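# Geometric and topological summary
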Amino acid sequence: MRDIIVKTEKLSKSYGKFKALDEVDMTVYQGDIYGLIGRNGAGKTTIMKIISGLAVKTEGVFEVFSKSGEASAEDKKRIGCLIENPAFFGNMTAYQNLKYYAIQKGIADKKQIDDALELVGLTNTGKKKYRQFSLGMKQRLGIALAVLDNPDLIILDEPINGLDPIGISELRETFKKLNSERGITIIISSHILSELYAVANRFLFIENGRVLKEITKEELEIACKRCIVVKTPDTKSAAVVLEETLGITDYSVVSSGELHIYEKKLSPEQLTKTLFENGVSISGVFENIVSLEDYFKSLVEVK
């Protein structure tokens, strides 16, 4: 079993009468790239700020590195974050900017600057000033600052916002490199589902401060692949027919009135006929391919 890096239980945050977070439960394991998915204002940034110590919870508990959040000040150096745009100097190079922050952080080994720049692909910027950087380069320098302390956990809030496809692709590879080569656990937020899907292995869907679903990538792939949807008030009998008559085990009961069947060789027509012949009442049978956006919408509609 992997170590737990971050765990929250009923984590809540209120601003006056407005509840930004409402009893959020989440678990991040060592080695995860953990994707926070939700619309703007859903509560993603608030979660990240509380975990990184930039905001104070109202209720609930959270642990970072198996210590309570309130008592984890000594572990803050193990956390790097890019939540709000860091203040870089426009007339300084990438190296000079990181050197400034290295001094502020008390980092004596300047090799850490070179390592951070190499990790995000900014070693060849030379004398180019920060003000001349593309948006993608600026984002990568922010990530270099986040990893400057050689953290075990980095927290990145909407790091691909505003980037073109090339910039997004470059950052995607950077995240994978940080995770695979450095063993860094990453919590990353975005409202661009397809990009998080490309890098993350676990996900938390959130809406209006409440958790809709915490799910692994494998579970998400099952939920989003081609399936035959069966609408029936008698899912138990339908499941018996699937297993005993059709020999199908690759299915899931997604609610009290719906099954998803993933058998590729089965047609909706064949399934309807078999269920009807075995006395199973059905209100609908149809083929469906669920996109990530459709899946998110279905979670929101349930709530």
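Our subject is the structure listed above.
Residues numbered from 1 in each chain as written. Predicted model: local features only at pLDDT ≥ 70, side-chain atom pairs only at ≥ 80, totals over all residues. Heavy atoms only, no water.

## Details of the pairing of strand 3 (residues 33–37)
Applicable threshold: Relative accessibility decides the category of a residue: with a 1.4 Å probe and only protein chains considered, values under 20% of the type maximum give buried, values over 50% give exposed, and everything between is partly exposed. What counts as a helix is a DSSP run of H or I of at least four residues, what counts as a strand is a run of E of at least two, and both are numbered from the N terminus. In this analysis, strands are considered paired if DSSP registers two or more bridges between them.
Most of strand 3 sits out of view: five of its five residues are buried. A two-sided burial pattern is seen for strand 3, the buried positions comprising Ile33, Gly35 and Ile37 on one face and Tyr34 and Leu36 on the other. Direction of pairing for strand 3 relative to strand 8 (residues 185–190): parallel, over a ladder of five bridges. Residue pairing in the sheet places Leu36 in a bridge with Ser189 of strand 8.

## So, unusual backbone geometry
Of note, Lys10 is a non-glycine position whose phi angle comes to about 50°, a positive value. Looking at Lys10, the relative accessible area reads 48%, which means it is partly exposed. Here Asn208, not a glycine, exhibits a phi torsion of approximately 50°, which is positive. For Asn208, a relative accessible area of 58% translates into the label exposed.

## Here we look at the nonpolar core
This is how the line gets drawn: By nonpolar core we mean a set of buried residues, namely Ala, Val, Leu, Ile, Met, Phe, Trp, Tyr and Cys, connected to one another through side-chain atoms within 4.5 Å. Residue contacts are counted whenever heavy atoms from the two residues lie within 4.5 Å of one another.
One finds Leu141, Ile186, Phe205 and Tyr295 to be the most contacted residues of the largest nonpolar core, which totals 51 residues. With five residues, the single largest contributor to this core is helix 4 (residues 135–146). The contacts of Leu141, once residues within four sequence positions are left out, are Phe88, Ala94, Asn97, Leu98, Leu117, Leu122, Tyr130 and Phe133.

## Regarding the sheet that holds strand 12 (residues 251–255)
Threshold: Each axis is a line fitted through C-alpha atoms, and for a helix only the stretch in contact is used; angles between axes span 0 to 180 degrees, taken between their N-to-C directions.
In space, the four strands of this open sheet follow the order 12-13-11-14, with antiparallel pairing throughout. Only two strands of the sheet have a single partner each, and these edge strands are strand 12 and strand 14 (284–289). The mean angle between the axes of side-by-side strands here comes to 25°, regardless of whether they run parallel or antiparallel. Of the pairings in the sheet, the one linking strand 11 (residues 226–231) to strand 14 comprises six bridges and is antiparallel in character. Within strand 14, the residue paired with Arg226 across the bridge is Ile289.

## Some details on the sheet that holds strand 9 (residues 202–207)
Read from one edge of the open sheet, six strands run 6-7-8-3-9-10, paired in mixed fashion. Among the strands making up the open sheet, the edge pair consists of strand 6 (79–82) and strand 10 (210–216). On average, adjacent strands in this sheet sit at an angle of 15° to one another, irrespective of strand direction. Set on the sheet, helix 7 (residues 217–224) makes contact with strand 9 and strand 10; between it and strand 10 the angle comes to about 100°.

## Focus on the side chain of Glu258
The condition is simple: Counting of polar contacts relies on pairs of N or O atoms within 3.5 Å, with two restrictions inside protein: one atom must be capable of donating a hydrogen and the other of accepting it, and residues adjacent in sequence are counted only when both atoms are side-chain atoms.
Examined against the element boundaries, Glu258 turns out to sit in strand 13 (residues 258–261). A relative accessible area of 15% means that Glu258 is categorised as buried. Engagement of the side chain of Glu258 in a polar contact is seen with the side chain of Lys231, the distance being 2.7 Å. Within the structure, Glu258 has its side chain in polar contact with the side chain of His260 (distance 2.6 Å).

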